[in-house]
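# Structural overview
Each chain, letter by letter, is given below.
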Amino acid sequence: MSKPHITIYTDGACKGNPGPGGWGVVLRSGAHEKHLHGGAHDTTNNRMEISAVIHALKALKQASVVDLYTDSQYVQKGVSEWLAGWKARGWRTADKSPVKNVDLWQELDALLPLHEIQWHWVRGHNGHPGNELADQLANQGVEAFLSNN
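Heads up: these notes are all about the structure in this document. (Residues numbered from 1 in each chain as written. Predicted model: local features only at pLDDT ≥ 70, side-chain atom pairs only at ≥ 80, totals over all residues. Heavy atoms only, no water.)

## Comments concerning unusual backbone geometry
- The linkage connecting N17 with the following residue, P18, adopts the cis geometry, with an omega of 15 degrees.
- Following the sequence through the fold, P18 ends up in the loop between strand 1 (5-14) and strand 2 (19-29).
- Unlike most non-glycine residues, W91 shows phi in positive territory, near 60 degrees.
- Looking at the secondary structure, you find W91 in the loop between helix 2 (73-88) and helix 3 (102-111). (Helix = DSSP H or I, 4+ residues; strand = E, 2+ residues; numbered from the N terminus.)

Written out as structure tokens, the structure reads:
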């Protein structure tokens, strides 16, 4: 049986950096579409960007072939260029400082082998429909979090 193909759009938002933040996810498989969002109190935009990807991958019920779209170069380059070096250096950067957001990077790193992921970077706020929807969901995540706290 072949693995399902899922298209994912993720985005993070922060009102102040640091400040209250939100993440948004669009999952598409064939005619099916699912939206997810959430928030956090004292966070950063980068933490919300990584959180969006983590929540998206955790939402998948089985190993999948994934096209993942993000407007975060931090996430895209983190996975494709920096992660292997960080792990090889014991979660330290090239200049030997601790990796920022290591808790989230380690959580994401554990999810990556479960799926075949093709990473795509898209320019944010540039009219890309999937990215615009993920951005709206991330902002909903901030608003929902603020209204419940």
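From this point on, the discussion continues.
## Description of the environment of P20
- Take P20: it is sitting in strand 2.
- Beyond its immediate sequence surroundings of up to four residues, P20 is in contact with C14, K15, A40, H41, T43, V142 and L146. (Contact = heavy atoms within 4.5 Å.)

## Digging into the pattern of salt bridges
- One pass over the structure, following the stated rule, counts five salt bridges.
- A salt bridge links E116 to K3; its shortest N-O distance comes to 2.8 Å. Pair noted here: E116 is in strand 5 (residues 116-121) and K3 is in the segment before strand 1, with a separation of 113 residues, a long-range link.
- Given a relative accessible area of 44%, E116 falls into the partly exposed group.
- Residues D103 and R47 are paired through a salt bridge, measuring 2.9 Å at the closest nitrogen-oxygen approach. Of this pair, D103 sits in helix 3 while R47 sits in helix 1 (residues 45-59); the two residues are 56 residues apart in sequence, bridging distant segments of the chain.
- Relative accessible area serves as the criterion here: at 23%, R47 is assigned to the partly exposed category. (Salt bridge = Lys/Arg side-chain N within 4 Å of Asp/Glu carboxyl O. Buried < 20%, exposed > 50% of the residue type's maximum accessible area, 1.4 Å probe, protein only.)

Any functional reading would require information beyond the geometric quantities listed.
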